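Understanding the architecture of this molecule
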Amino acid sequence: MINRRVFGKVVGMGTGAVAMSLAGLRDASAADGAPGTKPVPAPDATSFTGVKQVRAGVLDVGYAEAGPQHGPVVICLHGWPYDIHSYVDVVPLLAAQGYRVIVPYLRGHGTTRFLSSRTVRNAQQSAVALDIVALMDVLKVEKAVLAGFDWGSRTADIIAALWPHRVSALVSVSGYLITDVEAQRTPLRPRAEYSWWYQYYFSTERGRLAMETPDDRDELCRLVWDTVSPTWDFDDATFERTAAAFTNPDYADIVIHNYRWRLGLADGERRYDRYEKLLAARPRIATPTITLDAERDPFTAPGDGSSYRDFFTGPYEHRTLAGIGHNVPQEAPAAFARAVVDATRL
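If you're wondering where the values come from, they're calculated on a predicted model, not measured in any experiment.

Cut-offs applied
Residues numbered from 1 in each chain as written. Predicted model: local features only at pLDDT ≥ 70, side-chain atom pairs only at ≥ 80, totals over all residues. Heavy atoms only, no water. Helix = DSSP H or I, 4+ residues; strand = E, 2+ residues; numbered from the N terminus. Buried < 20%, exposed > 50% of the residue type's maximum accessible area, 1.4 Å probe, protein only. Areas by Shrake-Rupley, 256 points an atom, 1.4 Å probe, with all protein chains shown as cover. Pairing = 2+ DSSP bridges. Right-handed = clockwise from strand over helix to strand, strands pointing away. Contact = heavy atoms within 4.5 Å. Polar contact = N/O pair within 3.5 Å; in protein donor to acceptor, adjacent residues only side chain to side chain. Salt bridge = Lys/Arg side-chain N within 4 Å of Asp/Glu carboxyl O. Core = buried A, V, L, I, M, F, W, Y, C linked by side-chain atoms within 4.5 Å. Phe/Tyr/Trp six-rings, centres within 6.5 Å; stacked < 30°, edge-to-face > 60°. Expected span 1.5 Å × (residues − 1). pLDDT = per-residue confidence, 0-100. Axes fitted to C-alpha atoms, helices over the stretch in contact; angles between N-to-C directions. Parallel < 35°, antiparallel > 145°, perpendicular 65-115°, else oblique. Nonpolar A, V, L, I, M, F, W, Y, C, P; charged D, E, K, R; others polar.

1. A few points about the overall build of the protein
Each helix and strand in the protein was counted, giving 14 helices and nine strands. A burial count over the protein gives 61% of its 346 residues as buried. Total accessible area computed for the protein in this model is approximately 13800 Å², and 52% of it derives from carbon and sulfur atoms.

Okay, structure coming up:
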């Protein structure tokens, strides 16, 4: 989930492929996020078809793709406990506007596999970001719009900060999520810490065992969905479609390492030290950016994006989505797609 440090600093202070026109996206975006209005129904998608595989870096990456091959590229990045289906309604909207949309499974999820059994099952932030850079390289994508939430926002932020020449525009739910491990050693206010219960659970062997036990894992992940998206009326089939991605043999290792590493309870690899040193300096992002806050997400900090505004130094816009929870692209697909289109025009 998102960076507890950014959240905690301020909390203590207080589809079938349905083609929509740009005007339709604009109207739908407003309806998704406007107070007192009913969200526009999402396209009636069920799943991605024809997931592709490609060797990139240390991984055999599974990814969905849609839209014209030579269109401007958008890479959509999911978080935890989610998968590529967070974008199942976003993709046809963007493809209909001429974008080539790529949605990869992150390491440890879905059909993405490590090429070697000897590779450390490491989920520190720079490793995940380098996975996406490697994917761009092998797909011969020189520059792309990066759009994400949760782990996906962090990954997109990192690439925009360290490799800005690879990012044409950025859409980042919850704003600036680059992790400062040292800063996270300092306790937050109790109410903020309470929201992060699963991080502390994952710091125990009981938490690891839960992630390794299918029934416990799925029950825990569904509890997180219910908690962080209190207004999202998803059905069993929607959850089970995503939960299939959790059967990846490296899922437990990746999830546990990610959260333990963030709290300074697990080591990273020396090969990534130079990147983590740069990220510890909290680099600014000059890429044209739209940040999105979800009103009903318990991790959304008060202040309408003010807590992270100074980290974005280029063309910038902030939007708050009323009545929406943590899984923004799946709860408000038109608003998310509209932000991608608008970010390319900043």
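2. Overview of the pairing of strand β6 (residues 144–148)
Extensive coverage of β6 is indicated by the burial of five of its five residues. Burial along β6 is two-sided: the residues A144, L146 and G148 and V145 and A147 are all buried. Here four bridges tie strand β3 (residues 73–77) to β6, and the two strands are oriented parallel to one another. Bridge pairing in β6 places L77 opposite G148. Examined bridge by bridge, β6 and strand β7 (residues 167–173) share five bridges and lie parallel to one another. Paired with V145 across the two strands is A169, which belongs to β7. For the crossover that starts at β6, traverses helix α5 (residues 151–162) and ends in the parallel β7, the hand is right-handed.

3. Structural notes on the environment of E65
Note that E65 resides in strand β2 (residues 59–66). Between the C-alpha atom of E65 and that of I102, which follows or precedes it by 37 residues, the distance is 4.6 Å. The residues contacting E65, other than those within four sequence positions of it, are K52, R100, V101 and I102. Polar contacts involving the side chain of E65 include one to the side chain of K52, which spans 3.1 Å. Side chain to side chain, E65 and R100 meet in a polar contact 2.5 Å long.

4. A short note on the pattern of salt bridges
Scanning the entire structure with this criterion turns up 15 salt bridges. Where R185 meets E182, a salt bridge forms, and the shortest distance between an N and an O atom there is 3.1 Å. With a closest N to O distance of 2.8 Å, R319 and E317 form a salt bridge. Take E317: its relative accessible area is 29%, and that puts it in the partly exposed class. Overlapping salt bridges, with partners in common, bring together E205, R208, E212, D253 and R260 in one network.

5. A word on the side chain of T289
Relative to the helices and strands, T289 resides in strand β8 (residues 289–294). A distance of 2.7 Å separates a polar atom in the side chain of T289 from the backbone oxygen of T287.

6. Re helix α10 (residues 236–243)
Listed in full, the buried residues belonging to α10 are T238, F239, R241, T242 and A243. Contacts from the buried residues of α10 go to α9 (214–228) and α13 (328–331).

7. Quick look at the nonpolar core
By size, the foremost hydrophobic cluster in this structure holds 107 residues, and its most contacted members are I75, W80, L94, F202, M211 and F336. Once residues lying within four places of it in the same chain are set aside, the contact partners of F202 are W80, G207, M211, L220, V255, I256, Y259 and R260.

8. So, the packing of aromatic side chains
If you walk through the whole model with that rule in mind, you get 27 aromatic pairs. When the centroid spacing of 6.2 Å and the interplanar angle of 80 degrees are considered together, the rings of Y176 and F312 count as edge-to-face. Remark: F312 occurs in the loop between β8 and β9 (316–321) and Y176 occurs in the loop between β7 and α6 (190–195); sequence separation between them is 136 residues. You'll find Y176 and F312 in the same group, each marked buried. Each member of the aromatic cluster is reached from another via a ring pair, and the members are Y82, Y87, F149, W225, W232, F234, F239, F246, Y251 and F336.

9. Details of the environment of A337
On the secondary structure map, A337 appears in helix α14 (residues 333–343). Considering only alpha carbons, one finds A337 and Q97, 240 residues apart in sequence, at a separation of 9.9 Å.

10. Re helix α11 (residues 251–262)
Here α11 contains twelve residues, and its C-alpha end-to-end distance of 17 Å stays within 8% of the 16 Å for a straight helix at 1.5 Å per residue. Burial of α11 is extensive: eleven of the twelve residues sit out of reach of the surface. When α11 is considered as a whole, its buried residues turn out to be Y251, A252, I254, V255, I256, H257, N258, Y259, R260, W261 and R262. Positive backbone phi, approximately 75 degrees, marks G264, located one or two places after α11.

11. What to know about the environment of P81
Mapping P81 onto the fold places it in the loop between β3 and α3 (90–96). Take P81: its relative accessible area is 0%, and that puts it in the buried class. A C-alpha to C-alpha distance of 9.9 Å links P81 and R217, two positions 136 residues apart in sequence.

12. Focus on the confidence of the model for the protein
Averaged over the protein, the pLDDT score is 89; the fraction of residues at 70 or greater is 87%. Predicted confidence for residues 2–23 stays below pLDDT 50, and this span has 78 contacts to residues more than four positions away or in other chains. Contacts of residues 26–44 to residues separated by more than four positions or lying in other chains number 35 contacts, the stretch itself having pLDDT below 50.

13. Concerning the packing of helix α4 (residues 125–138) against α5
The interhelical angle for the contact between α4 and α5, taken along N-to-C directions, is 75 degrees, at an axis separation of 9 Å. Taken as axis vectors, α4 and α5 run roughly perpendicular relative to one another. Note on element contacts: α5 touches α4 through R154, T155, I158 and I159, opposite Q125, V128, A129, I132 and V133. Residues of the contact of α4 with α5, tallied by class, amount to six nonpolar, two polar and one charged.

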